[in-house]
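As a plain string of letters, each chain reads:
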Amino acid sequence: MKRLFGILPVAMAALSMMISCSGGDGGYRAPIFKQEARLDFEILGDEFFGSPSNIVATDNYLLVSGYTRNGGPTFFVFDKNGNPVRSGINSGRGPGETISGYINMSVDDDTVQYNDVQTGWRLAFSLEEFLRDGTLEIQMEALDLPGWCTYAMRTPKGDEIRLISRSGKKDLDMPQRTIQLESEGATYEYTEPAIEDREIAFFASLQRSIVYSPDGTRMVVSGVPGFILEIFNLEGGIQRKTIKRFLPPAVTLENGSYTQNDEYVFGGGNLCTTEKYIYSAYDGERTAKEFRASGMNCLLYDKIAVFDWDGNPKYLYKSDYRIMSLSVENDTTVYACLETEDGKHFVGKASLKL
């Protein structure tokens, strides 16, 4: 049964706080959602032993990539009831293995791609062939990566996107972040930052989620610390259509890292899209002070925030799990990799009723 709940008092307090401490990096406004509802997940199958990174729902399967220990598999196929079908693509440096490609997985019809910037190779294989018995043929393609490249992905349209993230303290005459688009033989670059402070921007560009519209003509970039949504048009070049600064990166830089200030509010996590909406794992409620007071055991990112393609907040769903990654079908059903309070991982399914 759907249960509506009002805007949390903490969220309203956070709104006031975000307005007062936006600093010189532009005005931050915590998102206010038009409707909020309970999200009741059905757990599918048994516990997932590992740390899942991505989930993609196809017509018949759930495709999950993630890390498992001791050189184990990084690619898992489940049926829509969560029953395991097959796993493979081991972690390692051998033929047909990957170091970090499972982090940047993409699926285009029958082709699954692992984009491994750590090794400089793209692995591609047929899902149909993967599901059959026998030897799997893996296509290996060298990635043409510029220096400081931390991300490379082929969009659903077939274009290439690369993210260059330079150190916050070096090459100060160069942009900290450069987004490259290679399309139809031409290369385009976008260098305007989302965060003015180079050091904070460096961390945000490393800890980011990048997703595309199903037709590959639009792109969304978001990262931590803070919560900022950037929406780009990828047709005829790369242009930032919208930037929404929701929660500020309220951190203190120290010794090449950062510490979240007490008032820091946890924002967004992994993203996914449909033609109509942008979906984000989301918290928006808990502060760093509360998180530390809990012994770092409180369950963060237990919500799904829904935005339109102009970055406007629409709906908020709250669950009993940490949303690690998500995939949405027809704006009605969400499949997600979930984490429980005791650190166990599962695949779940829920209906989106707003």
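One structure accompanies this document, and this report is about it. Keep in mind that what you see is a predicted model, and the values were worked out from it rather than measured.

**A word on the side chain of threonine 155**
Working step 1: Tracing the chain through its elements places threonine 155 in the loop between strand S11 (149-154) and strand S12 (160-165).
Working step 2: Leaving out residues up to four positions away in the same chain, threonine 155 has contacts with Ile161, Tyr212, Gly216 and Leu234.

**Some thoughts on the sheet that holds strand S5 (residues 73-79)**
Working step 1: In space, the 4 strands of this open sheet follow the order S3-S4-S5-S6, with antiparallel pairing throughout. At either end of the open sheet lies a strand with only one pairing partner, and these are strand S3 (51-57) and strand S6 (84-90). Strand after strand, the sheet turns through a mean of 20° between neighbouring axes, direction not considered.
Working step 2: Where strand S4 (residues 61-67) and S5 come together, 5 bridges link them in antiparallel fashion. Pairing of valine 64 across the sheet is with phenylalanine 76, part of S5.

**Notes on the packing of aromatic side chains**
Remark: the centre distance and the inter-plane angle together describe each pair of aromatic rings, the angle taken between the planes.
Working step 1: Counting across every chain of the model gives 22 aromatic pairs.
Working step 2: Both rings, one in phenylalanine 33 and one in tyrosine 282, keep their centres 5.9 Å apart while their planes meet at 70°; by these two values the pair is edge-to-face. Here tyrosine 282 lies in strand S22 (residues 277-282) and phenylalanine 33 lies in the loop between helix H1 (9-20) and strand S1 (35-38), a separation of 249 residues in the sequence. With respect to class, phenylalanine 33 is no different from tyrosine 282; both count as buried.
Working step 3: For the ring pair phenylalanine 266 and tyrosine 301, a centre distance of 6.3 Å and an interplane angle of 80° mean the geometry is edge-to-face. Here phenylalanine 266, found in the loop between strand S20 (257-260) and strand S21 (268-273), pairs with tyrosine 301, found in the loop between helix H4 (288-293) and strand S23 (303-308); they are 35 residues apart in sequence, far enough to count as distant. With respect to burial, phenylalanine 266 and tyrosine 301 carry one shared label: buried.
Working step 4: Taken together, the aromatic side chains of Phe33, Phe227, Phe246, Tyr282 and Phe307 make up a single cluster linked through ring pairs.
Working step 5: Here arginine 86 stacks its cationic end above the ring of phenylalanine 130, 5.2 Å away from the centre of that ring.
Working step 6: The ring of tryptophan 309 has arginine 218 sitting right over it, with the charged end atom 4.2 Å from the ring centre.

**Concerning the nonpolar core**
The tendency in soluble globular proteins is for nonpolar side chains to be buried side by side.
Working step 1: With 20 residues, the main nonpolar core has Phe41, Tyr279, Ile304 and Val334 as its most contacted residues.
Working step 2: Elements represented by at least two residues in this core include exactly S22, S23, strand S24 (313-318), strand S25 (322-329) and strand S26 (333-339).
Working step 3: The residues contacting valine 334, other than those within four sequence positions of it, are Leu39, Phe41, Ile304, Leu326, Ser327, Val328, Gly348, Lys349, Ala350 and Leu352.
Working step 4: Ile200, Ile228, Tyr258 and Ala288 belong to the second largest nonpolar core, which has 19 residues in total.

**Some points on the state of the cysteines**
Defined simply, a disulfide is a covalent bond joining two cysteines at their sulfur atoms.
Working step 1: Within this structure, the stated rule accounts for 0 disulfides.
Working step 2: Cysteine 272 supplies the cysteine sulfur nearest to cysteine 337, a cysteine that is in no disulfide, at a spacing of 12 Å.

**Observations regarding the sheet that holds strand S15 (residues 208-212)**
Working step 1: Read across the open sheet, the 4 strands follow the order S15-S16-S17-S18; overall the sheet is antiparallel. Each edge of the open sheet carries a strand with a single partner, namely S15 and strand S18 (239-247). Adjacent strand axes in the sheet meet at a mean angle of 15° when their direction is disregarded.
Working step 2: Examined bridge by bridge, strand S16 (residues 218-223) and strand S17 (residues 227-233) share 4 bridges and lie antiparallel to one another.

**Focus on the pattern of salt bridges**
Working step 1: In this structure the tally under the stated criterion is 21 salt bridges.
Working step 2: One salt bridge in this structure joins glutamate 141 and arginine 122, with 3.5 Å as the shortest N-O distance. Placement of the pair is glutamate 141 in strand S10 (residues 139-142) and arginine 122 in strand S9 (residues 121-126), with a sequence separation of 19 residues.
Working step 3: In this structure arginine 122 comes out as buried when scored by relative accessible area, which is 1%.
Working step 4: Between glutamate 230 and arginine 177 there is a salt bridge whose closest N-O contact spans 2.6 Å. Separated by 53 residues along the polypeptide, glutamate 230 in strand S17 and arginine 177 in strand S13 (residues 177-183) bring together distant segments of the chain.

**Remarks on the side chain of glutamate 230**
Working step 1: Taking relative accessible area as the criterion, glutamate 230 reaches 3% and is therefore assigned buried.
Working step 2: A polar atom in the side chain of glutamate 230 sits 2.7 Å from the side chain of arginine 240.
Working step 3: Residues within four places of glutamate 230 in sequence aside, it is in contact with Arg177, Ala194, Met219, Val220, Val221, Arg240, Thr242 and Ile243.

About the criteria used
- Residues numbered from 1 in each chain as written.
- Predicted model: local features only at pLDDT ≥ 70, side-chain atom pairs only at ≥ 80, totals over all residues.
- Heavy atoms only, no water.
- Helix = DSSP H or I, 4+ residues; strand = E, 2+ residues; numbered from the N terminus.
- Contact = heavy atoms within 4.5 Å.
- Pairing = 2+ DSSP bridges.
- Axes fitted to C-alpha atoms, helices over the stretch in contact; angles between N-to-C directions.
- Phe/Tyr/Trp six-rings, centres within 6.5 Å; stacked < 30°, edge-to-face > 60°.
- Buried < 20%, exposed > 50% of the residue type's maximum accessible area, 1.4 Å probe, protein only.
- Lys NZ or Arg CZ within 6 Å of the ring centre and 35° of its normal.
- Core = buried A, V, L, I, M, F, W, Y, C linked by side-chain atoms within 4.5 Å.
- Disulfide = S-S within 2.5 Å.
- Salt bridge = Lys/Arg side-chain N within 4 Å of Asp/Glu carboxyl O.
- Polar contact = N/O pair within 3.5 Å; in protein donor to acceptor, adjacent residues only side chain to side chain.

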